[in-house]
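# Structural features, examined
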Amino acid sequence: MKLKKADSQIAKLIELETERQKTSLEMIPSENHTSPAVREALGSILTDKYAEGYPGKRYYAGLEYYDKIENLCIERAKKLFKVPHANVQPYSGSPANQAVYMAVCEPGDTIMGLSLPHGGHLTHGWKVNFSAKFFKSVQYGVDKKTQMFNYGEIKKLVKEAQPKLIWVGATAYPRIFDWKKFRDIADSVGAYLAADIAHIAGLVIAGVHPSPVPYVHIVTTTTHKTLRGPRGGMIMVTEEGFRKDPNLPDKINKTVFPGLQGGPHENQIAALAVCLKEAATPAFKRYGKQIVKNCQVLAEELKKYGFNLVTGGTDNHLILIDLRNKNISGKEAQYRLEKAGITINKNTIPYDPNPPFNPSGIRIGTPAITTRGMKEKEMKQIAGWINEVISSSKSVPKIRKKIKSFCKKFPLP
Ligand code: DSN
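The shown structure was predicted, so the numbers you read here are calculated from the model rather than taken from an experiment.

Quick notes on the rules
Residues numbered from 1 in each chain as written. Predicted model: local features only at pLDDT ≥ 70, side-chain atom pairs only at ≥ 80, totals over all residues. Heavy atoms only, no water. Near = heavy atom within 4 Å. Polar contact = N/O pair within 3.5 Å; in protein donor to acceptor, adjacent residues only side chain to side chain. Nonpolar A, V, L, I, M, F, W, Y, C, P; charged D, E, K, R; others polar. Axes fitted to C-alpha atoms, helices over the stretch in contact; angles between N-to-C directions. Helix = DSSP H or I, 4+ residues; strand = E, 2+ residues; numbered from the N terminus. Parallel < 35°, antiparallel > 145°, perpendicular 65-115°, else oblique. Left-handed = near helix turned anticlockwise from the far one by under 90°. Contact = heavy atoms within 4.5 Å. Salt bridge = Lys/Arg side-chain N within 4 Å of Asp/Glu carboxyl O. Buried < 20%, exposed > 50% of the residue type's maximum accessible area, 1.4 Å probe, protein only. Pairing = 2+ DSSP bridges. Arc of directions from axis to C-beta.

Right, let's talk about the site of the ligand for a bit. For the ligand, the full set of nearby residues is Ser-30, His-121, Thr-171, His-199, Lys-225 and Arg-363. His-199 places a side-chain nitrogen or oxygen 2.6 Å from an oxygen atom of the ligand. Each residue belonging to the shell around the ligand can be placed in one class, and the counts come to no nonpolar, four polar and two charged.

Written out as structure tokens, the structure reads:
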């Protein structure tokens, strides 16, 4: 009500977006719907103050309660992920990863990560990103035939490149990461191993994806994907990280502040603390399990309709579809599905012959629709709609209507 009076234009746009979310299926795998409690903390008075520094060692006054909030958030993160050190100040995933580079590398050092067109992230050394401009980036990919990691090939590449830091993590890899194999590879050249679990953090907590914590030195994550918190980032140092360099936690903290960032967004940190409390419940474990169950049912149904899934299926929250046998581009599929009320994204597939802005694939995920309470039965229904829309643009108005009415049964949190 207050916003409506103060700024009716923004109020109206928020209202319209709320309606869009209510009446559509959000199926971009990196997105989710936060709880009202998370949003309340995020929209609180905590946005008002600067808090440069860390709890107990701040540069400004008046931070008694901010310290308590940030400490609570750190403790919850440590307990949930079973790590001895957590920094909850990164504004998001990219700043978190930047801080890792600054903590363990010097400009010009060799680093390695999964290449973007094979499902990696920009900050893992992709050519247009700072991570390839300030460091010598060598990228690994997935196997042409299996579309999965070929650990023997990666090991060979690592031996040749002798990187200081190896990233493991992805934005579009539908399979399990074998952390132990990556650790053996990193140890063969004495490299730091960093797991970027942005996409799968919630699955790790729910126990449906192995945790990297026993194997890697550093873990970074965003907090708003399967973890279902506010937009943000975190960096954690594991026992293994401590063992490799006892000063690593201190180095990480110093690179986040004052190395890279100024005042942390404490409203975001409070909202993250709320999210971490929610993620520690049995209900969250059930949620994580259901994300994967839903995704696997959706994958099997899509296969029945003749869709060609990269790697042949999924172990996690996302599906990558190669649309070339359907005679439609990823761009057109994204457009058509959006019009029908299914929000997905166009995506490159490994060894894609087409350019990233008009790639051959689409990426679909189940975290947000699972938050709304959808289960296996609904996945079958959704697969049918995806098939109809991809098969014919004429079906779009009819499916849009059906999705609007279907969504009424699954309110947003
Ligand atoms: N933009 C994110 C995603 O969609 O996967 C990666 O940071």
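Interaxial distance between helix 5 (residues 93-104) and helix 11 (residues 248-260) falls to 8 Å at its minimum, and their mutual angle equals 120 degrees. Classed by the angle they form, the pair helix 5 and helix 11 counts as oblique. Of the two possible hands of crossing, helix 5 and helix 11 adopt the one that is right-handed. Here Pro-95, Gln-98, Ala-99, Val-100, Met-102, Ala-103 and Val-104 of helix 5 come into contact with helix 11, specifically with Leu-248, Lys-251, Ile-252, Thr-255, Val-256, Gly-259 and Leu-260. Taken together, the residues of the contact of helix 5 with helix 11 break down into 10 nonpolar, three polar and one charged.

On to the pattern of salt bridges, then. Per the counting criterion, the structure on display carries 23 salt bridges. Residues Arg-20 and Glu-26 are paired through a salt bridge, measuring 2.8 Å at the closest nitrogen-oxygen approach. We classify Arg-20 as partly exposed; its relative accessible area is 32%. The salt bridge partner of Asp-250 is Lys-254, with a shortest N-O separation of 3.0 Å. Of this pair, Asp-250 and Lys-254 both sit in helix 11, four residues apart, roughly one helical turn. Bridged by salt links that share partners, the residues Arg-58, Asp-67, Glu-70 and Glu-266 form one connected network.

It is worth spelling out the sheet that holds strand 11 (residues 308-309) at this point. Strand order across the open sheet formed by four strands is 11-12-15-14, with antiparallel pairing between neighbours. Of all the strands in the sheet, the pair left with one neighbour each is strand 11 and strand 14 (345-347). Relative to strand 15 (residues 361-365), strand 12 (residues 318-322) runs antiparallel, the two being bridged by five bridges. From the neighbouring strand, Leu-320 faces strand 15, where its bridge partner is Arg-363.

A separate point is the sheet that holds strand 10 (residues 233-237). With respect to topology, seven strands assemble into an open sheet ordered 4-10-9-8-7-5-6, the strand pairing being mixed. One side of each edge strand has no neighbouring strand; the edge strands of this open sheet are strand 4 (85-87) and strand 6 (136-140). Along the sheet, successive strands turn relative to each other by an average axial angle of 20 degrees, direction set aside. Sheet analysis places strand 4 next to strand 10, joined by three bridges and oriented antiparallel. Within strand 10, the position partnered with His-85 by the bridge is Val-237. Contacting strand 4 and strand 10, helix 4 (residues 64-81) crosses the sheet at an angle of about 130 degrees to strand 4.

Let us look at helix 8 (residues 179-187). If you check which residues of helix 8 are buried, you get Trp-179, Phe-182, Arg-183, Ile-185 and Ala-186. What you see down the axis of helix 8 is that its buried residues fit within an arc of 160 degrees, all on one side. Tucked into the core, helix 8 has its buried residues touching strand 6, helix 7 (151-161), strand 7 (165-169), strand 8 (192-196) and helix 10 (239-244).

A word on the side chain of Thr-223. Mapped onto the elements of the fold, Thr-223 is located in the loop between strand 9 (218-222) and strand 10. Those residues in contact with Thr-223 that lie beyond four places of it in its chain are Arg-228, Gly-229, Pro-230, Arg-231, Gly-232, Gly-233, Met-234, Leu-272 and Cys-275.

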